[in-house]
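# Observations on the model geometry
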Amino acid sequence: MKKLFVLMKKDIYNALTEKTSLLMISVSVCFCPILYYLVGADMMKNAGIYIASMFSFFNLAILPMSVFPLIIAEEKENQTLAVLKRSGIGDGLFLLSKALTVIVLELLCSAVVFFFCGPERSWFPIYQVFNFLITAALLPVGGIVALYAKDKNSANVYATFGVLFMMCVPVFSIEMERLGVFSKVLPTTLLTSVFYPMVSGVTVGPSEIVLSVVVWSLWSAAGYIAWIVIYKKKGGIQISNSVN
């Protein structure tokens, strides 16, 4: 536990000092308060849910699918991964620290989004639970990117399409019915099909809840199985060629 705590402190510091990841993390944290004070509390009551969903999906796409592989690739690029391995830090502890760091940062960002743009405060616990579940389901996607990325630049390039898809489809599906079909097969359906309709006063049937849980479960299972297969095939997290 002590090693994990030390690694997490280092990872949080690195994520908040690395320029690209800091920029990604700070978008919603900075813009939500600005929008709140620009448009006012009354306007937020009408548009808040849509704005909250937009920033929520941004966070849920960026943090597990881009920031996660980025902070792993940074260890490769800076050659600190080799040092950690020589210090007895295995891949399991290394990845767990990175994953928990991303989850903590995502929940902090989602809390900012909720309290400035979200609905009534009573919805906050379930909102955070859904954010946690979706982040956990998307971490394997970022993990696969990390296995193939040799440095930060390649991590950003490999993650781009997935991030854009996972961010844009749920956001635009709120207004475009055609995209609603695609949105229902993404793990973010927990928010688009269950949470946001509920807070908007729409009755959500048991079938929608069950379907959303099934989709999330399939994404989680498929993601972690795919990651394990690729991880074993590549022989673990590889140290950059400059170190070998």
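In what follows, the accompanying structure is described. Predicted, not measured: the structure shown is a model, and the values here were computed from it. (Residues numbered from 1 in each chain as written. Predicted model: local features only at pLDDT ≥ 70, side-chain atom pairs only at ≥ 80, totals over all residues. Heavy atoms only, no water.)

### So, a nonpolar patch on the surface
For clarity, the threshold we go by: Within the patch definition used here, like charges are joined within 9 Å and nonpolar side chains (Val, Leu, Ile, Met, Phe, Trp, Tyr) within 5 Å, considering only residues with over 30% relative accessible area and no salt bridge. In this description, accessible areas are obtained by the Shrake-Rupley approach with a 1.4 Å probe, and a residue is regarded as covered only by the protein chains that are shown. Salt bridge criterion: a side-chain nitrogen from Lys or Arg within 4 Å of a carboxyl oxygen from Asp or Glu. Helix and strand assignments follow DSSP, with helices taken as H or I runs no shorter than four residues and strands as E runs no shorter than two, numbered in order from the N terminus. Exposed residues in this analysis have more than 50% of their type's maximum accessible area, buried residues have under 20%, and partly exposed residues fall in between, with area computed by a 1.4 Å probe over protein chains only.
A surface patch of nonpolar side chains, amounting to about 340 Å² of accessible area, comprises Tyr148, Val157 and Tyr158. Among the secondary structure elements, Tyr148 is positioned in helix H5 (residues 124-148). Assessed through its relative accessible area of 45%, Tyr148 is described here as partly exposed.

### Quick notes on the side chain of Gln128
The line we're drawing: Residue contacts are counted whenever heavy atoms from the two residues lie within 4.5 Å of one another.
Structurally, Gln128 is set in helix H5. Residue Gln128 is classed as buried on the basis of its relative accessible area of 13%. Excluding its chain neighbours within four sequence positions, the residues that come into contact with Gln128 are Leu107, Ser110 and Ala111.

### Examining the packing of aromatic side chains
Which entries qualify depends on this criterion: A pair of aromatic rings is counted whenever rings of Phe, Tyr or Trp (Trp by its six-membered ring) have centres within 6.5 Å, and the orientation is called stacked for planes under 30 degrees apart, edge-to-face for over 60 and tilted otherwise.
Summed over all chains, the structure comprises eleven aromatic pairs. A ring pair is formed by Phe114 and Phe124, whose centres lie 5.2 Å apart and whose planes are at 55 degrees; its orientation type is tilted. Here Phe124 lies in helix H5 and Phe114 lies in helix H4 (residues 91-117), a separation of ten residues in the sequence. Residue Phe114 is classed as buried on the basis of its relative accessible area, which comes to 1%. For the pair Phe161 and Phe165, a centre-to-centre distance of 6.2 Å together with 20 degrees between the ring planes defines the contact as stacked. Of this pair, Phe161 and Phe165 both sit in helix H6 (residues 152-173), four residues apart, roughly one helical turn. When its relative accessible area of 65% is taken as the criterion, Phe161 is described as exposed.

### Comments concerning the environment of Ala222
Tracing the sequence through the fold places Ala222 in helix H9 (residues 206-234). Each C-alpha atom, one on Ala222 and one on Pro140, is 9.0 Å from the other, the two residues being 82 residues apart in sequence.

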